[in-house]
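Commentary on secondary and tertiary structure
Each chain is listed here by its residues.
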Amino acid sequence: MTQVRLNSVRKQFGNFVAIENLDLDICSGELVALLGPSGCGKTTTLRMISGLERPSNGAILFDGKDVSEQAVQDRNVGMVFQRFALFPHMTVEKNVAFGPSVRGESKAEIARRLDEILEVVQLTQFRTRFPAQLSGGQMQRVAVARTLITKPSILMMDEPLANLDTKLRVEMRRFIRDLQQQFGITTIFVTHDQVEAMELADRVAVIFDGQLAQYDTPERIYRYPRSLDVADFMGATNIYSGKLLSRNRVRTALGDIDCPHQNDRSAGDAVQVLLRAEALDMNIGPFKSAGSGLRGRIMARDFFGASVTYRVACNEQEIDVTENARRMLDVGDDVQLEIAPEQVWLLSG
Amino acid sequence: MTARERRTRILQMLQLIPILSVLVILFGGALVMALLQSLGFAPWFGINTFPDFSYFGSLWGSQTFWVSLWLTLYYATVSTLLALVFGTMLALALIKAFPGKWLYKYLYKLPLMIPYTVGIALAVIMLSSGGVLSRIVAFAGLIDDPGQFPQILKTHYGWGIIAVYVWKQTPFITLAVYAVLLGIGRETEEAAAILGARRGAIFFRVTLPQILPGIVSSTLICFAFNVGAFEAPFILGGGFPDTLPVVAWRYFNDADYTLQLQGMATVVSIGIVAGVILFAYLWVYRRYERRMGRH
């Protein structure tokens, strides 16, 4: 159980600044995702925590102890690489036993731990296979086992679900969650996929251009993004500029909408209004009186199996509405949209 | 077989014809002729005692042949091993980023483009007694006269020969190993480091097994060349007893053309020795590969 802290960490490659003054606190036993578009510096951050890269400035602390100058080998961290980085010339058991073997553990101890960990990752019957003879999911489990057998104080994963197909993702997600709970190990993973981050993490650190944009629980980042960039990256599509009519009503091109009470804003302030597609209710009539809800017409429909997303034209604006696929509406249908005030989120701007 | 499959097959055959004809007619034919001549078949010289093992007999019966063989293998092995060590070290260095890397990447390949003969001339200029190196040492006052400089060239230690081979073949091995290193990437080494492996363990347990195919193929080529090469030991060697290719050349160049048959026996002997060693090398490597689960 290790607590990780990054103290205004900065990393520069030549003239390129990969990470700019990053502060990050990761609690002991927490599962944290570093989320951001490719090239935002999230992998560099992970590599600095592991010791593969040295920060140009700032400090990395494990349990309050500065490890910035400590060699990779001495940090006792574990890393599961995106493409697993298994040793292709070693069998599964040789791969997994590599860590304890180079650390000089006794043969008997290695054998005991090997059996135990292969059981945990359910690879016992594949122990004499070579990586090339395994499926993607199995390779990942070998990579996880190879790391866990060294009892790392921090587990790091680079895009853990990226190389797996949909069905395996679900399985692997549960597996990683269970393992993390079972071992109570501080876990940090990197991803560019907001779904992956929300699926797995206790907290998500959103990084843009080497800077921390928001660090919060998945739910809060999704519902209450702190900036337009974060909202956009989390997949928000319905963002409209508006002006506060009062502290709890906002005027947009769609129409006037009730919003939560704004303590630190006042009437006349310009805002951005975020309406999550799944928070909108869509009525097909008979319509309620004018003034409540927004009238519109369905322009397009995307069917995703469990859910349907409709594109609705509303006062010459377009708005996405996602609902359960229990009913199917048709393109051209007239609808009325409603949203509960507490589902509306306002951003400055 | 459908007509379409047959067409593909015919096209395949056509693509194989050039290399096949070179191998069978030029190389295979020459090999058969060399073997026949070494066994006494040369009617165009008025000699036909086929099958006659006396050429091999007199060659293998003389003690100087074994000294020549030893020198040949010694120069070839030592230079190949040195080039392998230097080449691998250079390749491992080039894979990492460092200032001026682009210059290094250009410079190290230079010897590949310079002919052996030029390299030999450079060795003569630099390393001979009275050469640049001896003059520099004398100028520095370490010796009184350039003539006192230790003999590097024209000794049976073959430092000059080895220097030229290593100079020329280090970049070749670097090139081969570097390409393999680029292919395997740095991730397995990084994974090993995170798992706690130090530099030595990473190299011997993770990197080396993965670059072994590149090492084997490049050293195979270098060794085969070194065993058969002629000009470096001819110019820089210690004289009698010469390496086997030089011995063969002397036979071929002799006024008595019947000695050509003795030369052929020498050439065939080089072929046999090189072949046996290279096949043994490959056999050991294949066994290792199978043990590693590669096929």
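Since the structure is predicted, the reported quantities are computational estimates derived from the model, not experimental observations. (Residues numbered from 1 in each chain as written. Chains lettered and ligands numbered in written order. Predicted model: local features only at pLDDT ≥ 70, side-chain atom pairs only at ≥ 80, totals over all residues. Heavy atoms only, no water.)

Notes on the overall build of chain A
Each helix and strand in chain A was counted, giving 8 helices and 20 strands. For chain A, the C-alpha atoms occupy an extent of roughly 80 × 45 × 35 Å along the three principal directions. Here chain A holds 349 residues, and the buried ones make up 51% of them. Within chain A, contacts between residues separated by at least 24 positions form 65% of all contacts whose residues are at least 6 apart in sequence. Entry remark: accessible area of chain A is about 15,900 Å², with carbon and sulfur atoms responsible for 46%. Taking the average location of the 41 positive side-chain charges in chain A and that of its 45 negative ones, the two points are 3 Å from each other. (Helix = DSSP H or I, 4+ residues; strand = E, 2+ residues; numbered from the N terminus. Buried < 20%, exposed > 50% of the residue type's maximum accessible area, 1.4 Å probe, protein only. Contact = heavy atoms within 4.5 Å. Areas by Shrake-Rupley, 256 points an atom, 1.4 Å probe, with all protein chains shown as cover. Lys, Arg positive; Asp, Glu negative; His and termini not counted. Charge placed at Lys NZ, Arg CZ, Asp CG, Glu CD.)

What about the packing of helix α10 (residues 199-228) of chain B against helix α13 (residues 259-291) of chain B?
All names here are of chain B. Where α10 contacts α13, the two axes come as close as 10 Å, and the packing angle between them is 175 degrees. When the interaxial angle is binned, α10 and α13 end up roughly antiparallel. Contacts from P209, L212, P213, I215, V216, T219, L220, F223, A224 and V227 in α10 reach I270, A274, I277, L278, Y281, L282, Y285 and Y288 in α13. (Axes fitted to C-alpha atoms, helices over the stretch in contact; angles between N-to-C directions. Parallel < 35°, antiparallel > 145°, perpendicular 65-115°, else oblique.)

Brief notes about the domain arrangement of chain A
All names here are of chain A. The domain architecture assigned to chain A consists of domain 1 (4-233) and domain 2 (239-348). The centre of domain 1, based on its C-alpha atoms, is set 39 Å off from the matching centre of domain 2. Contact with domain 1, which involves 8 residues of that partner, is made by 8 residues of domain 2. Counting each side, the surface lost to burial between domain 1 and domain 2 is near 730 Å², with a carbon and sulfur contribution of 67%. (Domains from an automatic or database assignment. Buried area = accessible area lost by both parts, 1.4 Å probe.)

What about the packing of helix α2 (residues 54-61) of chain B against α13(B)?
Residue and element names in this part refer to chain B. For the pair α2 and α13, interaxial distance at closest approach is 9 Å and the crossing angle is 70 degrees. Taken together, the axes of α2 and α13 are roughly perpendicular relative to one another. Like other packed secondary-structure pairs, α2 and α13 cross with a definite hand, here right-handed. Between α2, through Y55, F56, S58, L59 and W60, and α13, the contact on the second element is made entirely by L261, Q262, A265, T266, V268 and S269. Here the residues of the contact of α2 with α13 are counted per class, giving 7 nonpolar, 4 polar and no charged. (Left-handed = near helix turned anticlockwise from the far one by under 90°. Nonpolar A, V, L, I, M, F, W, Y, C, P; charged D, E, K, R; others polar.)

What to know about the sheet that holds strand β18 (residues 317-324) of chain A
Adjacent strands of a sheet form backbone hydrogen bonds with each other and so pair up, either parallel or antiparallel. Residue and element names in this part refer to chain A. Pairing is antiparallel in the open sheet, where 5 strands are placed in the order β15-β19-β16-β17-β18. Strands with a single pairing partner mark the edges of an open sheet, and in this sheet they are β15 (280-283) and β18. Put simply, the sheet's adjacent strands are angled 45 degrees from each other on average, direction ignored. (Pairing = 2+ DSSP bridges.)

Digging into the pairing of β15(A)
Residues and elements named next belong to chain A. Residues of β15 alternate between two faces, with L280 and M282 buried on one and D281 and N283 left unburied on the opposite face. Here 4 bridges tie β15 to strand β19 (residues 334-339), and the two strands are oriented antiparallel to one another. Looking at the pairing, N283 lines up with Q336 of β19.

Notes on the interface of chain B and chain A
Each side of the interface is counted separately: chain B has 21 residues, and chain A has 26 residues. Summed over both partners, the interface of chain B with chain A buries about 2,000 Å², with 62% contributed by carbon and sulfur atoms. Of all residues in chain B, B:I194, B:L195 and B:R205 bury the most surface against chain A, accounting for 37% of the area lost on that side. Seen at the junction of chain B and chain A, the total is 3 salt bridges. (Salt bridge = Lys/Arg side-chain N within 4 Å of Asp/Glu carboxyl O.)

Considering the sheet that holds strand β9 (residues 203-208) of chain A
Residue and element names in this part refer to chain A. Strand order in this open sheet of 6 strands is β6-β7-β8-β3-β9-β10, and the pairing throughout is mixed. Taken across any chain shown, the strands that pair with only one partner, and hence form the sheet edges, are β6 (77-80) and β10 (211-216). Ignoring which end each strand starts from, the neighbouring axes of this sheet average 20 degrees apart. Relative to strand β8 (residues 186-191), strand β7 (residues 154-158) runs parallel, the two sharing 5 bridges.

As for the packing of aromatic side chains
Residue and element names in this part refer to chain B. For the coordinates displayed, the defined rule picks out 19 aromatic pairs over all chains. Measuring from centroid to centroid gives 5.0 Å for F230 and F234, while their planes differ by 20 degrees, and the two rings are stacked. For the pair F230 and W249, a centre-to-centre distance of 5.4 Å together with 40 degrees between the ring planes defines the contact as tilted. With F230 in the loop between α10 and α11 (231-236) and W249 in helix α12 (residues 244-252), the pair connects residues that are 19 residues apart, well separated along the chain. What makes F230 partly exposed here is its relative accessible area of 23%. (Phe/Tyr/Trp six-rings, centres within 6.5 Å; stacked < 30°, edge-to-face > 60°.)

Overview of a positive patch on the surface
Taken together, the side chains of A:K94, B:R286, B:R287, B:R290 and B:R291 make up a positively charged region of the molecular surface. The greatest single-element share of the positive patch, amounting to 4 residues, is contributed by α13(B). One can find B:R290 in helix α13. (Patch = residues over 30% accessible without salt bridge, like charges linked within 9 Å, V, L, I, M, F, W, Y side chains within 5 Å.)

Structural notes on the side chain of A:T44
When you line up the elements, A:T44 lands in helix α1 (residues 42-50). Each residue touching A:T44, except ones within four places of it in the same chain, is listed here: A:K11, A:F13 and A:A18.

Brief notes about helix α4 (residues 136-148) of chain A
Here α4(A) contains 13 residues, and its C-alpha end-to-end distance of 18 Å stays within 8% of the 18 Å for a straight helix at 1.5 Å per residue. Buried residues dominate α4(A), accounting for 11 of its 13 residues. When we look at burial in α4(A), the residues that qualify are A:G137, A:Q138, A:Q140, A:R141, A:V142, A:A143, A:V144, A:A145, A:R146, A:T147 and A:L148. Buried-residue contacts for α4(A) involve β6, α2 (92-102), α3 (107-120), β7 and α5 (166-183) of chain A together with α9 (187-194) of chain B. (Expected span 1.5 Å × (residues − 1).)

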